[in-house]
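Commentary on secondary and tertiary structure
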Protein chains: 2
Amino acid sequence: MVVMVTKTKRAERRTDALSKERIVEAAIEILDTDGESALTFRALAARLATGSGALYHHVASKNDLLTAATEEVITGVMTGLAPGDEPRAAIQAIALGVFDAIDAHPWVGTQLAQEPWQFAVLPVLEGFGQQLQALGVLGPAQFDCASALLNYILGLAGQYAAGVRLLAGVTDRTAFLATVADRWADLDPARFPFLRQAAPQLPAHDDREQFLAGIDLILAGITATSGSRRSSAR
Amino acid sequence: MVVMVTKTKRAERRTDALSKERIVEAAIEILDTDGESALTFRALAARLATGSGALYHHVASKNDLLTAATEEVITGVMTGLAPGDEPRAAIQAIALGVFDAIDAHPWVGTQLAQEPWQFAVLPVLEGFGQQLQALGVLGPAQFDCASALLNYILGLAGQYAAGVRLLAGVTDRTAFLATVADRWADLDPARFPFLRQAAPQLPAHDDREQFLAGIDLILAGITATSGSRRSSAR
DNA sequence: GATGATGTTGGAACAACGTTCCAAAAGGTT
DNA sequence: AACCTTTTGGAACGTTGTTCCAACATCATC
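Conventions adopted
- Residues numbered from 1 in each chain as written.
- Chains lettered and ligands numbered in written order.
- Predicted model: local features only at pLDDT ≥ 70, side-chain atom pairs only at ≥ 80, totals over all residues.
- Heavy atoms only, no water.
- Least-squares fit on C-alpha atoms with pLDDT ≥ 70 in both.
- Contact = heavy atoms within 4.5 Å.
- Near = heavy atom within 4 Å.
- Polar contact = N/O pair within 3.5 Å; in protein donor to acceptor, adjacent residues only side chain to side chain.
- Buried area = accessible area lost by both parts, 1.4 Å probe.
- Salt bridge = Lys/Arg side-chain N within 4 Å of Asp/Glu carboxyl O.
- Helix = DSSP H or I, 4+ residues; strand = E, 2+ residues; numbered from the N terminus.
- Nonpolar A, V, L, I, M, F, W, Y, C, P; charged D, E, K, R; others polar.
- 1 Å grid on protein atoms, 1.4 Å probe; cavity = no way out; pocket = protein on both sides within 12 Å on 5 of 7 lines; lining within 4 Å.
- Points joined across faces, edges and corners; volume = space filled by probe spheres on them.
- Axes fitted to C-alpha atoms, helices over the stretch in contact; angles between N-to-C directions.
- Parallel < 35°, antiparallel > 145°, perpendicular 65-115°, else oblique.
- Left-handed = near helix turned anticlockwise from the far one by under 90°.
- Expected span 1.5 Å × (residues − 1).
- pLDDT = per-residue confidence, 0-100.
- Buried < 20%, exposed > 50% of the residue type's maximum accessible area, 1.4 Å probe, protein only.

What to know about the relation of the copies chain B and chain A
- Superposing chain B onto chain A takes a rotation of 180 degrees plus a shift of 0.0 Å along the axis, which leaves an RMSD of 0.1 Å. These values place the two chain copies in the arrangement generated by a two-fold rotation axis.
- The fraction of interface residues of chain B whose copies in chain A are also interface residues reaches 95%, indicating that both copies meet through the same surface.

Points about the protein's contact with DNA strand C
- Contacts to DNA strand C come from 20 residues, most closely from Arg42 and Lys62 of chain A together with Thr50, His57 and His58 of chain B.
- Sugar and phosphate atoms constitute 50% of the interface atoms of DNA strand C, taking the interface as everything within 4 Å of the protein.
- Within the side chain of arginine 42 of chain A, an N or O atom sits 2.8 Å from a base oxygen of DNA strand C.
- Here a phosphate oxygen of DNA strand C sits 2.6 Å away from a polar atom, N or O, in the side chain of histidine 58 of chain B.

Here we look at the interface of chain B and chain A
- Counting residues at the interface gives 64 residues for chain B and 62 residues for chain A.
- Here chain B and chain A share an interface that buries about 5400 Å² over both sides, 65% of which is from carbon and sulfur atoms.
- On the chain B side of the contact with chain A, Trp117, Phe143 and Phe194 of chain B bury the most area, a combined 16% of that side's loss.
- Connecting chain B to chain A are 2 salt bridges.
- Between glutamate 115 of chain A and arginine 165 of chain B there is a salt bridge whose closest N-O contact spans 3.2 Å.
- At the surface where chain B touches chain A, the tally comes to 16 residue pairs in polar contact (both at pLDDT 80 or more).
- Counting only elements with at least two residues in the side of chain B that touches chain A, the list comes to helix 6 (106–114), helix 7 (121–135), helix 8 (139–167), helix 9 (173–185), helix 10 (193–198), helix 11 (201–204) and helix 12 (207–226) of chain B.
- Of the residues that constitute the side of chain B that touches chain A, the class distribution is 35 nonpolar, 20 polar and 9 charged.

Brief notes about empty space enclosed by the protein
- All told, the structure shown has 6 cavities of 30 Å³ or more when counted by the stated rule.
- The computed volume of the largest cavity comes to approximately 270 Å³.
- As for the largest cavity, its lining consists of 21 residues, and the residues nearest its centre are Gln159 and Gln210 of chain A together with Trp117, Ser147 and Asn151 of chain B.
- Elements with a minimum of two residues in the lining of the largest cavity: helix 9 (139–167), helix 10 (173–185) and helix 13 (207–226) of chain A together with helix 7 and helix 8 of chain B.
- Take the lining of the largest cavity: its biggest share by element is 4 residues, from helix 8 of chain B.
- Among the residues forming the lining of the largest cavity, the class breakdown is 14 nonpolar, 5 polar and 2 charged.
- Considered as a void within the structure, the second largest cavity measures approximately 70 Å³ in volume.
- Among the secondary structure elements, those contributing two or more residues to the lining of the second largest cavity are helix 7 (106–114) and helix 9 of chain A together with helix 6 and helix 8 of chain B.

Looking at the packing of helix 8 of chain B against helix 12 of chain B
Residue and element names in this part refer to chain B.
- Look at helix 8 against helix 12: their axes get within 10 Å of each other, and the N-to-C directions meet at 165 degrees. Here helix 8 lies roughly antiparallel to helix 12, going by the angle between them. Note that helix 8 runs across helix 12; the crossing there is right-handed. Between helix 8, through Cys145, Ala148, Leu149, Tyr152, Ile153, Leu156 and Tyr160, and helix 12, the contact on the second element is made entirely by Asp207, Gln210, Phe211, Gly214, Ile215, Ile218 and Ile222.
- Residue composition of the contact of helix 8 with helix 12, by class: 11 nonpolar, 2 polar and 1 charged.

What to know about helix 7 of chain B
- Over its 15 residues, helix 7 of chain B extends 21 Å from the first C-alpha to the last, a length consistent with the 21 Å expected when each residue adds 1.5 Å.
- Phi turns positive one or two residues past the end of helix 7 of chain B, at glycine 136 of chain B, with a value near 95 degrees.

Some remarks on the confidence of the model for chain A
Residue and element names in this part refer to chain A.
- Here chain A shows a mean pLDDT of 88. Residues at 70 or above account for 88%.
- Here residues 1–13 is a poorly scored stretch, pLDDT under 50, and it has 0 contacts once near neighbours within four places are set aside; other chains count.
- Counting interchain partners and residues more than four positions distant, the pLDDT-below-50 stretch residues 228–234 has 7 contacts.

Re helix 6 of chain B
- Among the 9 residues in helix 6 of chain B, 8 count as buried, and that is most of the element.
- Taken residue by residue, helix 6 of chain B has Pro106, Trp107, Val108, Gly109, Thr110, Gln111, Leu112 and Ala113 of chain B as its buried positions.

A few points about unusual backbone geometry
Residues and elements named next belong to chain A.
- Residue alanine 49 is not a glycine yet carries a positive backbone phi of 55 degrees.
- You can see alanine 49 is positioned in the loop between helix 3 (41–47) and helix 4 (52–55).
- Overall, alanine 49 belongs to the exposed group, its relative accessible area being 71%.

A few points about the side chain of asparagine 151 of chain B
- Tracing the backbone through its elements, the reader meets asparagine 151 of chain B in helix 8.
- In this structure, asparagine 151 of chain B is in contact with Asn151, Tyr152, Gly155, Leu156 and Gln159 of chain A, ignoring residues within four places of it in sequence.

Overview of the pattern of salt bridges
- Tallied over the entire structure, the rule returns 14 salt bridges over all chains.
- Linking arginine 208 of chain A and aspartate 100 of chain A is a salt bridge whose minimum nitrogen-to-oxygen distance equals 2.5 Å. Of this pair, arginine 208 of chain A sits in helix 13 while aspartate 100 of chain A sits in helix 6 (residues 87–104), and the two are 108 residues apart along the sequence.
- When its relative accessible area of 34% is taken as the criterion, arginine 208 of chain A is described as partly exposed.
- A single salt-bridge network, built from bridges that share partners, covers Glu36 and Arg165 of chain A together with Glu115 of chain B.

Here you go:
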């Protein structure tokens, strides 16, 4: 009983001690509950009952903070994956994991779309590459395919995050899509026949399902082009 | 006096008169020459030899300004396309047009990746949809495929723009990619075998070529899954 | 021409932000 | 106790988007 209080006083001295982990955790809470625009160093300092200057002893900048927060979410996604799947299923699992993470934390989508060279994307790209290798994709095509998958996800990340940003309080995504559909339906019929025709299916569609459809499309392309025969549709 | 009929005689009053077109034009010049961070209402007012307040009589907000500038560039791309092409070639032409526009104006990439619901993306999506229809893609798959192509482009747009932002003055993109490659080569071999192996080909690769490879991949997937013949490469 | 009405201009002012600075406090070591 | 290092927290700085408002220009009407 008495042995527990031996060393490491530093960690236990003050329960409210500041640390990068605690700051990132508080930042994620603010981002999740009040949105990206609510994350300011003043709001963060207020929540942690400290001053802005103290935060800068643990965090280099706001960019550093957002990067760390994104990293936290993405590594959580990648470590939670079941290994040993069939390559195609594994790729879908990775993609869906990122999608769900962005669905739960839309600010991650903004961050990934805006800073795609940050560390957080590397585990995703690595995961794609490994599975493509397992799929039998050869040489430089591996990187092309992995990059295509990643770009597709990053594009959707930005789109999804922007949608949430436009909602700004409205929790109903269907209502948002209905608004977009209305705008599409009012477009010039001569210039936008396709969008006018596609508008009705916009509010009804399932984001997650369409996302997976895109992944399957790319996977089908990979299968078609990387096999022994080259399907030149000319 | 009840005489207040508007005659809408918005004639040209002065040659140096302010207008939304002139403001957008000046904004594009600043964005192109000095980068996205250089575009402030003060810098814009200085370049147009006026005050910030005057600008707000023609432009609602900075977002409005960026949206208008992006629209200007994208409509320029879409109207410059030669019609009557074969569908697959037409899709590639649209994609390459957007890619080249982002290459020439990296801030367009930022804008598209960040605000994908703005008007500027609609002509692109419409173009894809029309060509897919011509390709014989049926029903809801049209929208899935068009959306996949668009998301891929938007993801690459953000990635490309972020790369330029990180360069910040260095004109050599190869040098930037070499830096990234070095960082990849230093990764943990146990966790990142694929990226370490892919690193050497990073500085050498052609962005435009890889971009087209991704488009071809998606097109191959479309052909494989939606055509009359199903190329089951199993 | 003079006169209002209407819209434009330009610069000062405001609130908010990220960031820096620094004096006080806390903690650890001798 | 005395000293040094790290941490804290709040004030202050410079910059941003935006608003406000007094001066100005333009034009239909007297």
